[in-house]
Amino acid sequence: AQSVAQPEDQVNVAEGNPLTVKCTYSVSGNPYLFWYVQYPNRGLQFLLKYITGDNLVKGSYGFEAEFNKSQTSFHLKKPSALVSDSALYFCAVRDMNRDDKIIFGKGTRLHILP
Amino acid sequence: KAGVTQTPRYLIKTRGQQVTLSCSPISGHRSVSWYQQTPGQGLQFLFEYFSETQRNKGNFPGRFSGRQFSNSRSEMNVSTLELGDSALYLCASGTSGGNEQYFGPGTRLTVT
């Protein structure tokens with residue numbers, strides 16, 4: 001069965017420092033991978049996705065993620081954090097070989113400290 | 001384009017009642033998925049519809065059901081409500097399974 005794990009419930013980063021939010025996945029076929037962000041009192045917003053091709057994917061608000069097939073990881077990164085990046089981040093995976101359902105991680109709360 | 005809309009935004013029901021939630025996807029989107037979000041469990045997948053057919057279903061009891069209409073609008077129904085059904089119910093639409101989803105603001109259901 002497919003699964004996705006976000007090992008950190010919360011990540012604290014000082015403003016201006018690089019940030020990483022971790023995500024690992026397990027699927028039997030080829031993964032489609034996504035990152036979403038949920039700001040307080042706002043809906044979930046799509047950030048970026050990996051379908052195929054270049055392992056480094058660039059998305060909205062300066063975020064990027066690196067697909068690592070050998071480590072089955074899809075970590076979210078940003079070179080310089082902003083206070084406004086503070087939010088709840090979700091990683092999601094879908095096994096497209098099986099046209100399976102989308103599974104979300106439990107989320108990681110990112111706190112950017114001024 | 002207008003975003004995904006969900007109605008109602010807030011609901012308060014008592015145990016044993018039933019509830020119907022509605023979702024209107026972005027124009028042109030044929031895929032609609034439903035999720036339950038709670039602080040302890042995160043986002044739990046309920047079901048996905050594509051062109052009026054249920055394509056996938058999550059691990060929820062039969063009290064949870066849904067459907068999709070020919071205009072891609074979708075409804076989900078929860079019968080015999082339990083206290084544990086209190087949650088934010090999110091609807092998301094997309095063009096097809098492999099593409100990103102666009103979420104509505106959700107319906108906050110409180111069961112007392």
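First things first, this report covers the structure right here in the doc. Here the residue numbering is sequential within each chain, running from 1 through the sequence in written order. For this description, chains carry letters from A and ligands carry numbers from 1, given in the order in which they are written. Two thresholds apply to this predicted model, a pLDDT of at least 70 for residue-level local features and 80 or more for giving and counting side-chain atom pairs, whereas whole-chain, interface and lining totals are computed over all residues. Water and hydrogen atoms play no part in the side-chain values, which are based on all heavy atoms of the structure.

Some points on the pairing of strand S9 (residues 73–78) of chain A
Residues and elements named next belong to chain A.
And step 1. Think of it in three bands: residues with accessible area under 20% of the maximum for their type are buried, residues over 50% are exposed, and the middle band is partly exposed, with areas taken using a 1.4 Å probe on protein chains only. Helix and strand definitions follow DSSP, with helices as H or I runs of at least four residues and strands as E runs of at least two, each counted in order from the N terminus. Extensive coverage of S9 is indicated by the burial of five of its six residues.
And step 2. When DSSP finds at least two bridges between two strands, those strands are taken to pair. Relative to S9, strand S3 (residues 19–21) is paired through three bridges, and the arrangement is antiparallel. Across the sheet, residue Val21 finds its bridge partner in S9, namely Leu76.
And step 3. With five bridges joining them, strand S8 (residues 64–68) and S9 adopt antiparallel strand pairing. The partner of Glu66 across the bridge, within S9, is His75.
And step 4. Adjacent in sequence and paired antiparallel, S8 and S9 are bridged by four residues, among which Thr72 carries a positive phi angle near 45°.

A short note on the environment of Gly16 of chain A
All names here are of chain A.
And step 1. Position of Gly16 among the secondary structure elements: in the loop between strand S2 (10–14) and S3.
And step 2. Between the C-alpha atom of Gly16 and that of Val83, which follows or precedes it by 67 residues, the distance is 8.8 Å.
And step 3. When near neighbours in sequence (up to four residues on either side) are disregarded, Gly16 contacts Pro79, Ser80 and Ala81. We call two residues contacting when some pair of their heavy atoms lies within 4.5 Å.

A short note on the side chain of Glu64 of chain A
All names here are of chain A.
And step 1. As for its position among the elements, Glu64 is in strand S8.
And step 2. Within the structure, Glu64 has its side chain in polar contact with the side chain of Lys58 (distance 2.9 Å).
And step 3. When residues no more than four places from it in sequence are discounted, the contact partners of Glu64 are Leu48, Leu56, Val57, Lys58, His75, Leu76 and Lys77. Here a polar contact is recorded for every N or O atom pair within 3.5 Å, except that within protein the pair must consist of a potential hydrogen donor and a potential acceptor, and residues adjacent in sequence are included only if both atoms are side-chain atoms.

Regarding the pairing of strand S12 (residues 108–113) of chain A
All names here are of chain A.
And step 1. Residues Thr108, Leu110 and Ile112 line the buried face of S12, whereas the alternating positions Arg109, His111 and Leu113 sit on a face that is not buried.
And step 2. Inspection of the sheet shows S2 paired to S12 by five bridges, in the parallel sense. Looking at the pairing, Asn12 lines up with His111 of S12.
And step 3. When strand S10 (residues 87–95) meets S12, the two strands line up antiparallel, connected through three bridges. Looking at S12, one finds that Tyr89 is bridged to Thr108.

Considerations on the sheet that holds strand S1 (residues 5–7) of chain B
All names here are of chain B.
And step 1. The strand order S1-S3-S8-S7 describes an open sheet built from four strands, whose pairing is antiparallel. In this open sheet, the two strands that pair with only one neighbour each are S1 and strand S7 (64–68). Ignoring which end each strand starts from, the neighbouring axes of this sheet average 15° apart.
And step 2. By the bridge criterion, five bridges tie strand S3 (residues 19–24) to strand S8 (residues 74–78) in an arrangement that is antiparallel. From the neighbouring strand, Thr20 faces S8, where its bridge partner is Asn77. Between N-to-C directions, angles span 0 to 180 degrees; the directions come from axes that are lines fitted to C-alpha atoms, helices contributing only their stretch in contact.

Focus: the interface of chain B and chain A
And step 1. Tallying the contact residues gives 22 residues for chain B and 19 residues for chain A.
And step 2. Taken together, both faces of the contact between chain B and chain A bury some 1600 Å²; the carbon and sulfur share is 51%.
And step 3. One side-chain nitrogen of Lys or Arg within 4 Å of one carboxyl oxygen of Asp or Glu is enough to make a salt bridge. Summed over the shared surface of chain B and chain A, the number is two salt bridges.
And step 4. One salt bridge connects Lys49 of chain A with Glu100 of chain B, and the closest N-O pair in it is separated by 2.8 Å.
And step 5. Counting the contacts that link chain B with chain A gives four residue pairs in polar contact (both at pLDDT 80 or more).
And step 6. Under the grouping applied here, Gly and all other residues not named as nonpolar or charged are polar, the nonpolar ones being Ala, Val, Leu, Ile, Met, Phe, Trp, Tyr, Cys and Pro and the charged ones Asp, Glu, Lys and Arg. In terms of residue class, the side of chain B that touches chain A is built from five nonpolar, 13 polar and four charged. Buried area is understood as the total, over both parts, of accessible area removed when two parts are fitted together, assessed with a 1.4 Å probe.

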